[in-house]
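# Coordinates in review
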Amino acid sequence: MTQPIRPPPLASAVAAHLEALVLEGVLRPGDRLAPEREMAERLGVSRPSLREALAALEEKGLLESSRAGTRVADFLAPLSAPLAGLFGTSPRMAEDYFEYRRLIEPQAAALAAARITPPERAALEECLADMEAAHLRARPVEEAEADTRLHLLVHEASHNLVLLHVLRVFSGLLRRGILFSHEQYWQRDSLRGEILAQHRAIGAAILAGEAESAASAMRAHIGFTEEAFRALQAEAGRISASLRKRDRQGLVAGEG
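Residues numbered from 1 in each chain as written. Predicted model: local features only at pLDDT ≥ 70, side-chain atom pairs only at ≥ 80, totals over all residues. Heavy atoms only, no water.

## Examining the overall build of the chain
In terms of regular secondary structure, the chain is built from ten helices and two strands. Along the chain, helices (α) and strands (β) appear in the sequence α-α-α-β-β-α-α-α-α-α-α-α when read from the amino end. Within the chain, the proportion of its 256 residues that are buried is 38%. Partitioning the contacts of the chain with sequence separation of at least 6, the portion at a separation of at least 24 is 70%. Roughly 14,700 Å² of accessible area belongs to the chain as shown, and the carbon and sulfur atoms make up 55% of that amount. (Helix = DSSP H or I, 4+ residues; strand = E, 2+ residues; numbered from the N terminus. Buried < 20%, exposed > 50% of the residue type's maximum accessible area, 1.4 Å probe, protein only. Contact = heavy atoms within 4.5 Å. Areas by Shrake-Rupley, 256 points an atom, 1.4 Å probe, with all protein chains shown as cover.)

Next comes the structure, spelled out in structure tokens:
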């Protein structure tokens, strides 16, 4: 005699639903969840069932609770921590990082142009508007934040979860200054203007659904970013050498 098919417990179904939202990027690391009562009403479940689901996701490391409420955890931290150590000591770090971006990000932009949904379209348009406003106000830090957000939005619109979460790891390293100081680009007016124009081109191609143009615009942007990084790196090296020569004058007898 066959056993009857039983639906999964309600708490398990709720946990699976919320887990999918986290892994798909709808709920992002750092997002604070609504109070239990509101969430239970929105999901149409009892508070005990919701509480059990949240506890299950907390045990998995996807959520974390405190007196301030429940937040989506930085569940990629176990991966980013060893990468931080590697990139902090490897002289090949920048070369490999930009090579990765040249290979991956144009494809992500092409996928985004083909797959972007109306909510993602609205988010991309808002991000571009924020970048324009920050540029007009000459707010480099805000422009840098919008830059990071735009690339994340492109990866979200690609609807490839591997691409999205790998970029999130790199974005976290960028914010912590481990890969390099992201904000150094935005301290130069010439770079700020060119990067803004490149982001306009990327956004316009994606919003128009032009996959090849989106990939081409992204490829040009990554190439420009790499060249700018190398120029800034070389300049920093020259300044460092000049400072070392200055320090010698105060340390060697008969000089200075």
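## Describing the packing of aromatic side chains
Applying the stated criterion to the full structure yields four aromatic pairs. The interplanar angle of 45° and the centroid separation of 5.5 Å between the aromatic rings of Phe-98 and Phe-229 together place this pair among those described as tilted. One end of the pair, Phe-98, is in helix α5 (residues 93-115); the other, Phe-229, is in helix α10 (residues 211-249), with 131 residues separating them in the sequence. By the burial criterion, Phe-98 is buried, and Phe-229 matches it. Each ring, one from Tyr-100 and one from Phe-170, has its centre 5.1 Å from the other, and the planes form 45°; the classification is tilted. On the criterion of sequence distance, the pair formed by Tyr-100 in helix α5 and Phe-170 in helix α8 (residues 161-175) is long-range, its members being 70 residues apart. Exposure remark for Tyr-100: the relative accessible area of 23% places this residue in the partly exposed category. Put simply, the rings of Tyr-97, Phe-98, Tyr-100, Phe-170 and Phe-229 pair up and form one aromatic cluster. (Phe/Tyr/Trp six-rings, centres within 6.5 Å; stacked < 30°, edge-to-face > 60°.)

## A few points about helix α7 (residues 140-158)
Here α7 contains 19 residues, and its C-alpha end-to-end distance of 27 Å stays within 8% of the 27 Å for a straight helix at 1.5 Å per residue. Of all the 19 residues making up α7, 15 are buried; the element is thus mostly covered by neighbouring parts of the structure. At the exit of α7 stands His-159, carrying a positive phi of roughly 55°. (Expected span 1.5 Å × (residues − 1).)

## So, the nonpolar core
The biggest cluster of nonpolar side chains holds 21 residues, and the ones touching the most others in it are Ala-109, Leu-124, Leu-150, Val-154, Ile-206, Ala-214 and Met-218. Counting residues per element, the ones that place at least two in this core are α5, α6 (118-136), α7, α9 (189-207) and α10. Of the residues forming this core, the biggest block, five residues, is contributed by α7. In this structure Leu-124 touches Ile-116, Leu-150, Leu-153, Gly-203, Ile-206 and Leu-207, once residues within four positions along its chain are discounted. Ranked by size, the runner-up nonpolar core spans 19 residues in total, among them Val-45, Leu-50, Leu-57 and Val-72. (Core = buried A, V, L, I, M, F, W, Y, C linked by side-chain atoms within 4.5 Å.)

## Concerning the pairing of strand β2 (residues 69-72)
Of the pairings in the sheet, the one linking strand β1 (residues 63-66) to β2 comprises four bridges and is antiparallel in character. The residue of β2 that forms the bridge with Leu-63 is Val-72. Connecting β1 to the antiparallel partner β2 that follows it, the hairpin turn spans two residues. (Pairing = 2+ DSSP bridges.)

## A look at the pattern of salt bridges
When the charged atoms of two side chains with opposite charge come close together, those side chains can pair. In total, this model carries 13 salt bridges according to the counting rule given. Where Glu-19 meets Lys-60, a salt bridge forms, and the shortest distance between an N and an O atom there is 2.8 Å. Of the two residues, Glu-19 is situated in helix α1 (residues 10-23) and Lys-60 in helix α3 (residues 47-60); the sequence distance between them amounts to 41 residues. Taking relative accessible area as the criterion, Lys-60 reaches 55% and is therefore assigned exposed. (Salt bridge = Lys/Arg side-chain N within 4 Å of Asp/Glu carboxyl O.)

## Things to note about the side chain of His-221
Structurally, His-221 is set in helix α10. Look at His-221 and you get buried, because its relative accessible area is 2%. A distance of 3.4 Å separates a polar atom in the side chain of His-221 from a polar atom in the side chain of His-151. What His-221 contacts, discounting residues up to four positions off in sequence, is Arg-101, His-151, Ile-195, Gln-198, His-199 and Ile-202. (Polar contact = N/O pair within 3.5 Å; in protein donor to acceptor, adjacent residues only side chain to side chain.)

## Quick notes on the confidence of the model for the chain
It should be kept in mind that the predicted coordinates are not to be read in detail where pLDDT is low. Mean pLDDT over the chain stands at 84; residues scoring 70 or higher make up 81%. At the level of individual helices and strands, the chain shows its lowest average pLDDT in helix α4 (residues 77-89), which scores 72, and its highest in α6, which scores 95. (pLDDT = per-residue confidence, 0-100.)

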